[in-house]
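# Summary of the model geometry
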Amino acid sequence: MSHTIEQLDAEASVLLAKYSSNGLKNKDRLAIPVQEMPSQAPEIRVNNMEEVALGYTEAQVIVESMRCLQCATAPCVDGCPVRIDIPGFIALAAKGDFARSIATIKDSSMLPSVCGRVCPQESQCQLTCTVGKVHKNVDKAVAIGRIERYVADWEANHGTRSIPPVLSSTGKKVGVIGSGPASMTAAADLRRAGHEVVMFEALHKAGGVLVYGIPEFRLPKRIVEEELHTLSDMGVKIEYNFLVGRTATINDLMEREGFSALFIGSGAGLPNFLNIPGENLIGVFSANEYLTRSNLMKAYDKAKAGTPLFDSKKVLVFGGGNVAMDAARTAKRLGADEVNIVYRRTSEEMPARREEVVHAHEEGIIFKYLHAPKEILGDDKGRVTGVKVILCELGAPDSSGRRSPVEIPGSEQVLSCDTVIVAIGNSSNPLIEKTTKGLKVDRKGHIVVDEETCATSMPGVYAGGDIVLGSATVILAMGQGRKAAKAMNEYLLAQEKVGGSAT
Amino acid sequence: MFTIVDKRKMSPEVFRMVFTAPYIARSRKPGQFIIIQQGGDYSERIPLTIADADAEKGTVTIIFQAVGAATHQLALLDPGEAIANVLGPLGQPTHIEKFGKVICVGGGIGAAPLHPIAQAMAQAGNELKVIVGARTKDLIIMEEEMNKISDDVIICTDDGSYGRKALVTEPLKELCEQWKPDMVVAIGPPIMMKFCTQTTKPFGVPIIVSLNTIMVDGTGMCGGCRVSINGKTKFVCVDGPEFDGYAVDWENMMMRLGTFKTQEQKAHHHCHIGLNIKEGEA
Ligand SMILES: Cc1cc2nc3c(=O)[nH]c(=O)nc-3n(C[C@H](O)[C@H](O)[C@H](O)COP(=O)(O)OP(=O)(O)OC[C@H]3O[C@@H](n4cnc5c(N)ncnc54)[C@H](O)[C@@H]3O)c2cc1C
Ligand code: SF4
Ligand code: FES
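Below is a summary of the structure that appears in this document. (Residues numbered from 1 in each chain as written. Chains lettered and ligands numbered in written order. Predicted model: local features only at pLDDT ≥ 70, side-chain atom pairs only at ≥ 80, totals over all residues. Heavy atoms only, no water.)

To continue, consider the pairing of strand 16 (residues 232-235) of chain B. All names here are of chain B. As judged from the four bridges shared by strand 15 (residues 226-229) and strand 16, these two strands associate in the antiparallel manner. When the bridges of strand 16 are listed, Ile229 appears paired with Lys232. Hairpin connection between strand 15 and strand 16: a loop of two residues separates the two successive antiparallel strands, and Asn230 in this loop has a positive phi of roughly 50°. (Pairing = 2+ DSSP bridges. Helix = DSSP H or I, 4+ residues; strand = E, 2+ residues; numbered from the N terminus.)

Below is the structure:
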């Protein structure tokens with residue numbers, strides 16, 4: 001089914017010649033086929049870590065952009081968590097004005113090269129896109145994410161990366177905890193306002209989940225590094241190996257170290273387990289551990305890496321989200337003969353990005369739907385030998401509208417395997433909560449914030465991203481980082497005035 | 001910058017290193033540990049216990065045995081050079097209070113992290129006895145330091161080359177019988193800690209052990225360090241490293257330590273060669 005990049009480009013060029021005359025009618029636009037994303041052939045990519053999706057060619061991006069109807073109401077914008085001017089940047093891309101197109105995106109989003117690759121567009125902007133509605137198929141909506149990716153990459157490849165201007169120093173020192181998308185965005189916006197910004201990251205590398213979780217084949221690390229360079233060039237200082245709560249507490253930073261305000265973007269880094277028997281056997285890993293070993297510690301490079309990886313032949317991955325897809329596809333690349341996704345519901349309910357599921361299928365990942373793990377079995381050396389599962393059927397929808405799985409009595413069976421990867425989500429790490437006096441969290445340990453300002457219960461302390469939302473998305477984390485920075489800048493300005501009049 | 005200010009070889013495989021780490025020096029408490037990543041994209045992150053720290057000078061002391069690839073790499077660094085990444089202090093500090101009579105048992109390299117705990121126990125007004133054991137004389141460490149804080153330091157070696165020819169559990173049992181301690185703290189190889197718990201159990205003495213499991217991040221993010229405590233899963237890096245010795249599922253903990261056995265043996269082989277060459281030249 002899939003075609004080479006050359007074939008796709010040639011097809012697009014034909015379409016471009018045909019449609020480039022001005023005055024395209026909506027009917028014509030609707031007749032243009034969705035441009036397929038060129039990608040590495042499955043049988044090749046399962047043997048390397050390089051990016052799967054190769055990105056549109058110039059002809060493709062222009063043809064795809066011509067599919068946009070430039071709706072006056074722009075329902076796509078309503079689907080975008082940060083309200084990017086989508087018809088605006090697409091119109092510019094259709095004209096080949098990529099510089100202004102990317103500038104338009106950057107008015108609202110700080111990390112387009114990341115979001116173009118990892119946003120769940122089919123449940124956001126592309127879900128509400130008119131073109132998809134007309135075709136009664138969300139897969140036929142304008143490929144907004146692919147266009148976004150193209151213009152973001154175009155900027156990177158044309159060496160036009162600009163360093164956002166920084167206002168003159170306010171003399172205030174502001175801390176940003178964590179270095180994921182929420183913190184990167186907050187740091188940039190705070191620095192722009194002229195504050196001294198210090199970013200505290202627990203690990204020896206910055207980028208959060210973008211670096212330790214999401215694999216190279218989906219989001220090349222150089223893209224995240226590039227964004228971090230921009231932050232450094234703006235003057236943001238990154239302190240690695242700094243675990244807030246242990247190396248110094250929030251109270252220490254505010255009272256002793258002279259920080260006027262703090263943003264907490266510490267993510268949802270506490271892996272959930274199912275709490276079924278056998279989960280501590282040898283060969284059972286959280287997806288976080290499995291992916292961190294491979295990505296952050298580069299254990300996929302077995303010849304060079306000091307960090308070991310488990311040799312797997314047959315792998316079962318529990319879960320149906322992006323994390324599960326990433327773990328399964330990583331296991332395949334690391335040499336497993338057979339990799340299965342074990343999910344309690346059906347493909348309909350799977351929260352993973354559509355594209356990742358398609359890619360996983362192409363790579364030979366086996367999907368076992370309506371299977372619920374009950375027990376992990378091991379041998380006398382404590383090594384995993386299999387998983388006892390029970391079959392399920394879908395019951396009535398629950399309060400969230402999702403149909404919940406109901407176990408079918410007597411349908412237990414054993415699936416053999418030597419490795420189990422548990423990818424059923426993350427909770428919030430309680431370290432900051434436990435070591436900070438006066439910080440309010442909810443029942444699940446998420447930091448409680450004001451919806452408009454992201455202010456926490458502590459004056460001068462703000463929070464955003466997964467630590468507030470639970471495991472969410474890159475774009476939502478980014479949105480909150482921006483919202484918080486805006487409120488922090490206002491807070492610091494107001495403080496200055498109060499401070500000024502008092503002395 | 002974690003610059004090494006002092007390095008000493010305590011025995012052929014055991015090194016003592018002092019490096020600057022002002023925040024850690026200031027925040028750390030007995031019982032806590034650090035994670036080191038020696039630099040370069042490919043190095044492993046390894047947990048190491050803190051043997052001592054000087055908050056004023058801003059330095060931290062570690063004592064480690066060069067047993068794996070990463071510790072060998074670390075041992076090659078000299079004063080003036082810097083350790084690329086040091087994260088800490090990690091884990092919960094030891095719960096120190098006046099229990100009454102306390103026995104501190106250290107096996108091998110475990111005597112190093114035991115020292116600050118023993119010291120704090122003495123300072124809290126406890127009567128203190130210390131047992132230090134190792135395979136052979138060369139591997140006995142911290143004897144002098146322990147003598148400064150306790151009048152009764154018992155040394156044992158497996159081969160009898162120094163002190164008593166005995167496992168640490170022998171004097172431990174005798175002291176349980178005769179001295180009747182109120183609390184025991186044991187740090188050392190898992191098998192030693194397991195046997196210490198078996199020794200103290202009949203006497204109903206509480207025993208605290210410090211677990212050194214496989215770790216990656218040390219922040220609670222990966223779960224690789226998990227152990228079963230009273231049937232509940234706990235993360236050693238955030239909930240530990242110290243636990244009630246009777247609550248630990250030792251069998252599972254020791255099996256999990258062997259998760260990457262085959263891979264590690266391969267890696268270790270390469271590094272040993274590197275270290276020996278350097279020693280030969282020096
Ligand atoms: C495998 C995987 C795949 C995913 N795929 C997608 C996807 O395709 N699309 C999508 O939109 N989302 C995806 N997500 C979710 C997305 O990555 C997160 O929602 C997003 O990264 C959250 O950003 P954040 O800034 O809140 O925190 P994070 O990215 O989690 O970053 C938090 C950072 O804070 C550091 N930290 C934590 N505690 C402390 C402390 N006490 N002191 C100092 N530093 C600390 C951590 O080390 C980490 O670097 C995925 C998540 C995972 C795990
Ligand atoms: S909804 Fe779709 S067609 Fe309409 S403006 Fe947005 S992207 Fe274009
Ligand atoms: S070492 Fe990763 S959670 Fe403890």
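Still more to cover.
Okay, the environment of Glu242 of chain B next. Residue and element names in this part refer to chain B. By the element assignment, Glu242 lies in strand 17 (residues 242-244). Judged by its relative accessible area of 14%, Glu242 falls in the buried class. Taking the C-alpha atoms as reference points, Glu242 and Phe203, 39 residues apart in sequence, are found 21 Å from one another. When near neighbours in sequence (up to four residues on either side) are disregarded, Glu242 contacts Gly31, Thr94, His95, Ile117, Ile208, Val209 and Ser210. A polar contact of 2.7 Å, which involves the side chain of Glu242, links it to the side chain of Thr94. (Buried < 20%, exposed > 50% of the residue type's maximum accessible area, 1.4 Å probe, protein only. Contact = heavy atoms within 4.5 Å. Polar contact = N/O pair within 3.5 Å; in protein donor to acceptor, adjacent residues only side chain to side chain.)

Okay, the interface of chain A and chain B next. Each partner contributes residues to the interface: chain A has 45 residues there, and chain B has 43 residues. Between chain A and chain B, a total of about 3,700 Å² is buried, with carbon and sulfur atoms accounting for 54% of that surface. A per-residue breakdown of the area chain A buries against chain B is headed by Asn241, Arg246 and Asn280 of chain A, which together make up 19% of the total. The tally of links from chain A across to chain B stands at 19 residue pairs in polar contact (both at pLDDT 80 or more). (Buried area = accessible area lost by both parts, 1.4 Å probe.)

Counted according to the given criterion, the structure contains 13 aromatic pairs over all chains. Ring geometry for Phe285 of chain A and Phe260 of chain B: centres 6.2 Å apart, planes at 35°, overall tilted. A residue pair is termed interchain when its members come from two chains, as with Phe285 of chain A in strand 6 (residues 284-286) and Phe260 of chain B in the loop between helix 8 (250-257) and helix 9 (261-281). Under the relative-accessibility criterion, Phe285 of chain A is labelled buried at 4%. Members of the aromatic cluster, connected to one another through ring pairs, are Phe200, Phe242 and Phe259 of chain A together with Tyr23 of chain B. (Phe/Tyr/Trp six-rings, centres within 6.5 Å; stacked < 30°, edge-to-face > 60°.)

All names here are of chain A. Running from amino to carboxyl end, helix 16 (residues 287-294) crosses helix 17 (residues 322-333) at an angle of 50°, the nearest separation of the two axes being 10 Å. Classed by the angle they form, the pair helix 16 and helix 17 counts as oblique. Relative to helix 17, helix 16 is oriented so that their crossing is left-handed. Residues Ala287, Tyr290, Leu291 and Ser294 of helix 16 lie in contact with helix 17, whose contacting residues are Val323, Asp326, Ala327, Thr330 and Ala331. Each residue belonging to the contact of helix 16 with helix 17 can be placed in one class, and the counts come to six nonpolar, two polar and one charged. (Axes fitted to C-alpha atoms, helices over the stretch in contact; angles between N-to-C directions. Parallel < 35°, antiparallel > 145°, perpendicular 65-115°, else oblique. Left-handed = near helix turned anticlockwise from the far one by under 90°. Nonpolar A, V, L, I, M, F, W, Y, C, P; charged D, E, K, R; others polar.)

So, on to the sheet that holds strand 2 (residues 196-200) of chain A. Each strand in a sheet pairs with another by means of backbone hydrogen bonds, the pair being arranged parallel or else antiparallel. Residue and element names in this part refer to chain A. With respect to topology, five strands assemble into an open sheet ordered 3-2-1-4-16, the strand pairing being parallel. Every interior strand has two partners, whereas the edge strands, strand 3 (237-239) and strand 16 (461-463), have only one. In this sheet, adjacent strand axes meet at a mean angle of 20° when their direction is disregarded. Sheet analysis places strand 4 (residues 261-264) next to strand 16, joined by three bridges and oriented parallel. Residue Leu262 lies in a different strand from strand 16, and its bridge partner there is Val461.

Residue and element names in this part refer to chain A. Taken together, the neighbourhood of ligand 1 is formed by 34 residues, with Val118, Ala182, Glu201, Arg218 and Asp466 sitting nearest. With respect to ligand 1, the backbone of Val118 contributes an N or O atom lying 2.6 Å from a nitrogen atom. A distance of 2.9 Å separates a nitrogen atom of ligand 1 from a polar backbone atom of Val244. About the coverage of ligand 1: the protein hides 94% of its 1,000 Å² of free accessible area. Of all the secondary structure elements, the ones that give two or more residues to the shell around ligand 1 are helix 12 (181-192), helix 17 and helix 21 (474-502). Considering each element in turn, the shell around ligand 1 owes the most residues, three residues, to helix 17. When its residues are assigned to classes, the shell around ligand 1 shows 18 nonpolar, eleven polar and five charged. (Near = heavy atom within 4 Å. Areas by Shrake-Rupley, 256 points an atom, 1.4 Å probe, with all protein chains shown as cover.)

To continue, consider the site of ligand 2. Residue and element names in this part refer to chain A. In the neighbourhood of ligand 2, the contacting residues comprise Cys68, Leu69, Cys71, Pro75, Cys76, Pro87, Cys129, Thr130, Val131 and Ile144. The set of elements that each furnish at least two residues to the shell around ligand 2 consists of helix 5 (75-79) and helix 10 (130-134). Residues belonging to the shell around ligand 2 are distributed by class as follows: nine nonpolar, one polar and no charged.

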